[in-house]
Amino acid sequence: MQLQYKSQAVAKPYFIAAIALFAGQILFGLILGLQYVIGDFLFPAIPFNVARMVHTNLLIVWLLFGFMGAAYYLVPEETETELHSPLLAHVLFWVFLIAGVLTVAGYLAVPYATLAELTGNELLETMGREFLEQPLPTKLGIVVVALAFLYNIGMTLLKGRKTAITLILLMGLIGLAVLFLFAFYNPSNLVKDKYFWWWVVHLWVEGVWELILGAILGFVLLKITGVDREVIEKWLYVIITLTLVTGIIGTGHHYYWIGPPGYWQWWGSVFSALEPIPFFALTIFCFNMVNRRRRQHPNKAATLWALGTGVMAFLGAGVWGFLHTLAPVNYYTHGTQITAAHGHMAFYGAYVMVVLTMISYAMPILRGREVNPERSQVLEMWSFWLMTVSMVFITLFLTAAGILQVWLQRIIPNPQPFMAVQDQLAMFYWMRWLAGVVFFAGLAVYLYSFFAKDKPEAIEAGEAHPSVT
Amino acid sequence: MPVSPDPSAIEEMPLPGQGLAVAAESLYLINLLLLPGLAFLALLWLYQRHRATAPPLARQHLRQTLSASLWAGVLLIIANLLILILGGYDKASIWVMVILYFTTVHATLVMLGILGLARALAGQPYAYPLVGKLLP
């Protein structure tokens, strides 16, 4: 099967890099999981703080690769025109990949303070903050890549057809680039520092990234269900409105205990209690579109990922977010393993799964066929269930650990110190690690599914490539 | 010669009883999420009023949502009370169990309601797994 637009091919290396970095992220997750229970595991080669930094930074970078790949794939098809500059997209891919790999190598090769010294952090001090640990040159590289990427996508949009999907995607991508600029603002006042730090972290994942999520999911559902574009666009408008109305002021749930005025406890509680609503709508949207589909698309794996995104995003971001978002509850749960539980399921459900949905839909076409062979799809669906079910268990074990942590550290009459409590959570950490191993196995099956071929007898029987009906 | 209707327009026309089916699924979800008890009473009233006369699609959704709501009451209220009565409030293990139980069961019931609402919006029937059979 031919690509509709030749320039869509630039998405392929982005998807491959995303998957490779995803594997790296999970590997470091397993190392971290063990370090929770065997404190000196791999010490001093990979200290806990470094492993954690690599785990979270790889997540962000591979998701960005996924978003960019998704944009390069869907924008030509939506705008009905070739990409403005495929060459620029290729150049940016290598710049971003080399910068990302060098940054991770830097984290692992030298102590963080030395890395800061080597990379000129004293010129503009931006390092040392959670998730924004990247050295200054990497941060500048991200800005350059983001601007050039936006230029490429923007110019393509200008010359082609404008659809709600591409406009929502562009809004999300512009928001992503603009909000990252707050990574350069690092005031010495700790309250201001954390206040604006959340403008990157929160307004990315509970704001503009949700627009990107909606656009990608809308595109894939449009393709696999054949439902009218009008219907999908109406749903998207509702979802992004709900996202922005609840998510922007919902930032307040991070302001309860860091120094800003007390009214944030009300604003944060009320608006973030409403934040599950867009995810609720997203889940109904996914199932409604699949129920109303006008054709049976042969890519069953992509349909499964799309439905899974709705469900898991609602559970992880919606339910587990609500669980600890109200100020009186958060007073006890703040910064415990309950936050980690929410973070794991929300990132997996909303962003990991939507990128995998796009890859599942686009990768076969990028490899010259409409869908993967039957066996490959079966393996991919196995990987879906292995990863998703194990993520549910990771979340449940971390939640249990978090509840016990709150009890021992903050409820009982003689609260115990942090590290003493950590020792008592070991059983849950071991179970979480085992669930992580199953997740890794699911990822291995996922990787293998790209190379799986149908058995000769299945090909002869004509089962390999089910046609579109 | 009359102009034939646009096939896409036919598909968009609501089926008999679809509005009622959507209302039933919505009340089931509102009972779980927003107005527990009140929304259940509204659902009960809707069921009583339409169970004999509603089109099959609506009747199926009304019956399913009423049954699932009753089960939800048992699973969330009675079971939770039992755990608390048997174990008391002053143990960490009880809190771990109660919170995990309540969160997973409630989220599962909501998820089933979302699936039911999506089916109702598409004009299709939906049978709730396990909780779709009326209580004896």
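Position numbers for residues count from 1 along each chain, tracking the sequence in the order it is written. Labels are handed out in written order, letters beginning with A for the chains and numbers beginning with 1 for the ligands. Side-chain atom pairs in this predicted model are given and counted only at pLDDT of 80 or more, local residue features only at pLDDT of at least 70, and totals for whole chains, interfaces and linings cover all residues. Calculated side-chain values reflect all of the structure's heavy atoms, with hydrogen atoms and water omitted.

**Observations regarding the environment of Val227(A)**
Residue and element names in this part refer to chain A. How we decide: Helix numbering and strand numbering both begin at the N terminus, where a helix is a DSSP run of H or I of at least 4 residues and a strand a DSSP run of E of at least 2. Residue contacts are counted whenever heavy atoms from the two residues lie within 4.5 Å of one another.
The residue valine 227 is located in the loop between helix H7 (190–225) and helix H8 (229–249) in this model. When the C-alpha positions of valine 227 and valine 200 are compared, they lie 35 Å apart, and in sequence the two are 27 residues distant. When neighbours within four sequence positions are excluded, valine 227 is seen to be in contact with Leu222, Ile232, Met289, Arg292 and Arg293.

**As for the interface of chain A and chain B**
Operational definition: For any pair of parts, buried area is found by adding up, for both, the accessible area (1.4 Å probe) each one loses once the two are put together. Each reported salt bridge corresponds to a side-chain nitrogen of Lys or Arg within 4 Å of a carboxyl oxygen of Asp or Glu. For the purposes of these results, a polar contact is taken to be a pair of N or O atoms within 3.5 Å, where, inside protein, one atom must be able to donate a hydrogen and its partner to accept one; residues adjacent in sequence count only when each atom of the pair is a side-chain atom. Each residue receives one of three labels: charged for Asp, Glu, Lys and Arg, nonpolar for Ala, Val, Leu, Ile, Met, Phe, Trp, Tyr, Cys and Pro, and polar for the others, Gly being one of them.
Contact with chain A, which involves 23 residues of that partner, is made by 26 residues of chain B. Across the interface of chain A and chain B, roughly 2000 Å² is buried in total on both sides, 78% from carbon and sulfur atoms. Among the residues of chain A in contact with chain B, Asn291(A), Ile403(A) and Trp407(A) are the three that bury the most area, contributing 27% of the side total. Run the count over chain A and chain B and you get zero salt bridges. At the boundary of chain A and chain B, one finds two residue pairs in polar contact (both at pLDDT 80 or more). Broken down by class, the residue content of the side of chain A that touches chain B amounts to 16 nonpolar, four polar and three charged.

**A few points about the pattern of salt bridges**
Residue and element names in this part refer to chain A. Applying the stated criterion across every chain, the model contains eight salt bridges over all chains. Across the salt bridge formed by lysine 223 and glutamate 77, the nearest N and O atoms sit 2.9 Å from each other. Linking lysine 223 in helix H7 with glutamate 77 in helix H2 (residues 48–79), this pair joins segments that are 146 residues apart in sequence. Put simply, aspartate 228 and arginine 294 hold a salt bridge, and the shortest N to O gap is 2.9 Å. With aspartate 228 in the loop between H7 and H8 and arginine 294 in the loop between helix H10 (276–291) and helix H11 (300–322), this pair connects stretches of sequence that are 66 residues apart.

**Looking at helix H13 (residues 337–366) of chain A**
All names here are of chain A. For the record, the criterion: Multiplying 1.5 Å by the residue count of a helix minus one yields the expected span of that helix. Note on bend: at a given residue it equals the angle between the axes fitted to the 7 residues ending there and to the 7 starting there. Three exposure classes are used, based on accessible area relative to the maximum for each residue type with a 1.4 Å probe and protein chains only: buried under 20%, partly exposed in between, and exposed over 50%.
Taking 1.5 Å of rise per residue, 30 residues should cover 44 Å, and H13 covers 40 Å from first to last C-alpha, within 8% of that figure. At tyrosine 348, H13 shows its maximal bend, which comes to roughly 35 degrees. Counting buried positions along H13 yields 25 of 30 residues, so the element is predominantly enclosed. Residue glycine 368 follows H13 closely and has a positive phi angle near 90 degrees.

**Observations concerning the side chain of Thr103(B)**
Tracing the sequence through the fold places Thr103(B) in helix H5 (residues 92–121). Take Thr103(B): its relative accessible area is 8%, and that puts it in the buried class. If we skip the residues at most four places from it in the chain, Thr103(B) touches Val319(A), Trp320(A) and Leu323(A).

**Quick word on helix H1 (residues 11–37) of chain A**
Since the α-helix packs 3.6 residues into each turn, any two residues three or four apart lie on the same face. If you check H1(A), its first and last C-alpha atoms are 40 Å apart, about what 27 residues at 1.5 Å a residue would give, namely 39 Å. H1(A) sits mainly inside the fold: 19 of its 27 residues count as buried.

**Notes on the nonpolar core**
The nonpolar side chains of a soluble globular protein tend to be buried with one another. Spelled out, the test is: Definition of nonpolar core: a set of buried residues of the types Ala, Val, Leu, Ile, Met, Phe, Trp, Tyr and Cys, connected through side-chain atoms within 4.5 Å.
With 193 residues, the main nonpolar core has Tyr72(A) and Trp209(A) as its most contacted residues. Once you skip the residues sitting within four places of it in the chain, Tyr72(A) turns out to touch Gln8(A), Val10(A), Ala11(A), Tyr14(A), Leu83(A), Ala89(A), Leu92(A), Phe149(A), Asn152(A) and Ile153(A). Counting residues in each nonpolar core, the second largest holds twelve residues, with Leu27(B), Leu43(B), Leu62(B) and Leu66(B) among its members.

**Quick word on empty space enclosed by the protein**
Sizing a probe to match a water molecule and rolling it over the atoms shows the empty space that remains. Residue and element names in this part refer to chain A. We count it as follows: Any residue with an atom within 4 Å of a point lines the site, the site being either a cavity, points on a 1 Å grid over the protein atoms alone where a 1.4 Å probe fits but cannot get out, or a pocket, an open set with protein on both sides within 12 Å along at least 5 of 7 lines. Grid points are joined across faces, edges and corners, and a volume is the space filled by probe spheres set on the points.
A complete count under the given rule lists two cavities of 30 Å³ or more for this structure. Estimated volume of the largest cavity: approximately 120 Å³. Every residue lining the largest cavity is listed: Leu64, Phe67, Met68, Phe96, Ile142, Val145, Ala146, Phe149, Leu150, Leu173, Leu176 and Ala177. Put simply, the parts of the chain that give the lining of the largest cavity at least two residues each are H2, helix H5 (136–159) and helix H6 (164–180). The leading source of residues in the lining of the largest cavity is H5, at five residues. Of the residues assigned to the lining of the largest cavity, the class counts are twelve nonpolar, no polar and no charged. Roughly 80 Å³ of volume is contained in the second largest cavity. Taken together, Asn57, Leu58, Val61, Phe96, Gly100, Thr103, Val104, Tyr107, Gln134, Thr138 and Ile142 form the lining of the second largest cavity. Where the lining of the second largest cavity is concerned, the elements lending two or more residues are H2, helix H3 (86–109) and H5.

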